[in-house]
Structure formats: C-alpha cells, structure tokens
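One letter stands for each residue in the lines below.
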Amino acid sequence: MRSFPSVEAYGLIERAFESTDRTESLFTDAVRENYGFQLEVQPYIASLAKRYGFSLGDIEGPEDVLKLPPLFVEVMKYHRFLSIPEDQVALNLTSSGTGGQVTQALFDQAGVDRIQRISRTIFRDIGFCSDRPAGYLMFSYAREDAGAVGTSWSDEQEMACAPVSEARWLLRRGDDGVFGFDPEEAANGLVELSERGPVRLLGFPAFIFQMLEELDHQGRSLKVDRDSFVIAGGGWKNHAGLPMTQDDFARELERRIGLPRENVRDLYGMVEHGIPYCSCPEGHHHVPVFAKVAVRHPLTLDTMPLGEEGLLHLISPWNVAQPNCSVLSTDLVVLGEDCPCGVKGQYIRSIRRGGKKKHKGCAIAAQEILDRVRAERGM
C-alpha cells in the first residue's frame, strides 16, 4: 500500500487558524505529494494539467498552490474518480438528500481518520466545543435512514463538540420512503431536553425556524441554558424558504428561547471538498490552515481580488482516494481578511449558492420537505 507521509504530517497540524512558515510548508508538501499521485493514476487530471500547461514544478512555494487546475464539482457528479483500489474504500458519502445526480465522495481509512482529526481541530479552535453534556436535536436526515448522505455524516462529527446526553434525529424516512419532519415533535423535544441542561441544535436552519413557529403556535415559552449552541448548515432560510442572515436568525433564537446570539453559528462545506468552514460570532466563515481558497471569474477563471464576487476555488490535499485536491464550486462568494472577531487570515464574507436547478443538493431537498410539511398543515 502506498504511503503519503507529507499528507499525514499536514493532517497533524495542531492549530487550525495559526498560519506559520511550518504550516505553510506542510500544506505545500502535502499538495505536491497528493497531486503528483493523482497525475499518475487519473488520466483526466493529467489531461487537465496539460490543458492548463501546469506541472508540479510550478509549485515552488505556498503561494503557488492556487495554480492547481481546478476540477469542476459538476464533473464529480458524473464520474466516480477512484484513485485507490476498490477494497481500500472505507467510506462512501453522497452529496444529495433525496435524489438527483449525486457526487460519490470516497475515502480510505487513513482519509477518514484524517478528516475527523482536522474537523475536530477546526471545531475546537473556532469555539464550537464544550465539556458540558448536551441534549442534541438533529434537524437533519436521520443517520440510519439517510445512509451515505454526507450532511448526516458531517452532523455526527459535529456531535463530538460536546458530550451527548441524548440525541434525537428529526428528519426521518416514512413508510412511503419519503423523508418527513414533524414541527410538534421538534418543539416537544426542545422543551424536554432544555429541562435537563444545555441543548445543541444541529442541521438545516429552516427546520429550526419552523420549530420556533410551532412553539409560538402552541403558546409555549422557555429559556434554554446559556451554554446551549446552534450549528446550522445548508443555507440560511426561514420556515418559508426566504433568505435571512445569520444575525437575523440569531436574534430570533435569542428573543424566543434565550439562546445567546454568539452561540448561533454556521458551517459551510461540500462533500466534494470535505473541509468545514465554520462561522464566528460575526457570521464569517473562516479559512483554516488546512485549506486554501480563491475567488475565480466565472468566465476567465482569473483570480478576483478581495471584496469582489466570483466562483469559489477550494484546495486541500487531505484526501488521496479521489482527485479533489483542487475543486471549483458553483457557489458565488466574496472573501475578506482579518475578521473583527480576532481570527487572522482569510474568511468567506458572503455566500450565494449557485445552480439551484442543476445542482440539487441537501439544502434544496430539505426545503422541499419543509414546503410539503407546510402544505399538509395548511400554512
């Protein structure tokens, strides 16, 4: 079995947001090692490099990793791109919640261990973690029903941020094979768990908002423990699917259930890339030392300066099982630098999900479930 010592050393970086000459060197060496392997085993990647006139010798320093030709995420929905023997695949995740064309994200066991370690480091250093046990309400696809859906696996990783006293998954597959959500169950669960200590709400914001509406409908009020926490993901929408900011959402949670605004956070990511980008109290998604990002012009792919919107280009060498070291997303973003929260380095200042009709991901599928629930309840 081939070894990847530089990739492994990079995965052991101890601080997620402290960029040093050493972390930059580890990242660059890992990129060279991983991408060099993909050039050997993936004809498509070799062809892409040739088309861009790229060779590994072009990476002379950390600033050169952004020269890696990007693999467009849409291509990954139609090609499996396995770079290791089939019998070494330890985990297979998919990108979509309820159907449609999906990406298969494949990992060997070393890759699974590596991304779990990286994610834990990021969650800890961005302030997601606590030693106090909490009751979890999971506004996401139940793991036993969702199977390989990537968001459910990611939510399980987030459950390592605080000890679990109890966990309840709220999006479950019915006898008809369709996922459903019961706002009354969610509201009752919040009331019950909040009586026992801190609660943690994980998953799609639209469902959390619907739970708040259900509490109002029932005429119930409560104040959760001050150590309660929200880690949302999948696009900031209210119960009707209308866009809202993280700050708006946090204010609603604080007003209705007393959850501190600074404890309402968001996580941005995609199964094709794997690295979590976690928000701070300012609502900015910070770029950890485990990744590099750039904004590309949608037509020319030229690098856009800070403050201008374009397609998000993501680079991270942690996974050798597939050639997703350099990925171009369909999302439109704006980058900033040196956030007022005090975390140094780049952050994603704004995100607009691209390609709603072509790229039907988990958040869009989840909104369709909520629309159906609202219609059934005459809302």
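Structure's up top.
Presented here is an overview of the structure given in this document. For clarity, every value in this text was computed on a predicted model and none was experimentally measured.

## Notes on the layout of surface pockets
Then step 1. The volume enclosed by the second largest pocket comes to roughly 430 Å³.
Then step 2. Taken together, 25 residues make up the lining of the second largest pocket; nearest its centre are Glu-24, Val-287, Ala-291, Lys-292 and Gln-346.
Then step 3. Every element with two or more residues in the lining of the second largest pocket is listed here: β12 (292–296) and β14 (326–337).
Then step 4. By residue number, the principal contributor to the lining of the second largest pocket is β12, which donates four residues.
Then step 5. Grouping the amino acids of the lining of the second largest pocket by side-chain chemistry returns 15 nonpolar, four polar and six charged.

## A few points about unusual backbone geometry
Then step 1. The phi dihedral of Leu-301 is positive, around 65°, even though this residue is not glycine.
Then step 2. We note that Asp-338 has phi near 55°; this positive angle belongs to a residue other than glycine.
Then step 3. Summarising the element assignment, Asp-338 is placed in the loop between β14 and β15 (346–352).

## Structural notes on the packing of helix α8 (residues 183–194) against helix α9 (residues 205–218)
Then step 1. It is the contact of α8 with α9, at a shortest axis distance of 8 Å, that shows an interaxial angle of 80°. Relative to α9, the element α8 lies roughly perpendicular. Here α8 contributes Pro-183, Glu-184, Ala-186, Ala-187, Asn-188, Leu-190 and Val-191 to the contact with α9, which in turn contributes Gln-210, Met-211, Glu-214, Leu-215 and Gln-218.
Then step 2. Residues of the contact of α8 with α9, tallied by class, amount to seven nonpolar, three polar and two charged.

## A look at the packing of α9 against helix α10 (residues 246–257)
Then step 1. Across the interface, α9 lies against α10 with an axial gap of 11 Å and an inter-helix angle of 30°. Between α9 and α10, the angle falls in the class roughly parallel. For the pair α9 and α10, the sense of crossing is left-handed. Contact residues: α9 offers Pro-205, Ile-208, Phe-209, Leu-212, Glu-213, Leu-215 and Asp-216, while α10 offers Phe-249, Glu-252, Leu-253, Arg-256 and Ile-257.
Then step 2. Its residues assigned to classes, the contact of α9 with α10 comprises eight nonpolar, no polar and four charged.

Parameters at a glance
Residues numbered from 1 in each chain as written. Predicted model: local features only at pLDDT ≥ 70, side-chain atom pairs only at ≥ 80, totals over all residues. Heavy atoms only, no water. 1 Å grid on protein atoms, 1.4 Å probe; cavity = no way out; pocket = protein on both sides within 12 Å on 5 of 7 lines; lining within 4 Å. Points joined across faces, edges and corners; volume = space filled by probe spheres on them. Helix = DSSP H or I, 4+ residues; strand = E, 2+ residues; numbered from the N terminus. Nonpolar A, V, L, I, M, F, W, Y, C, P; charged D, E, K, R; others polar. Axes fitted to C-alpha atoms, helices over the stretch in contact; angles between N-to-C directions. Parallel < 35°, antiparallel > 145°, perpendicular 65-115°, else oblique. Contact = heavy atoms within 4.5 Å. Left-handed = near helix turned anticlockwise from the far one by under 90°.

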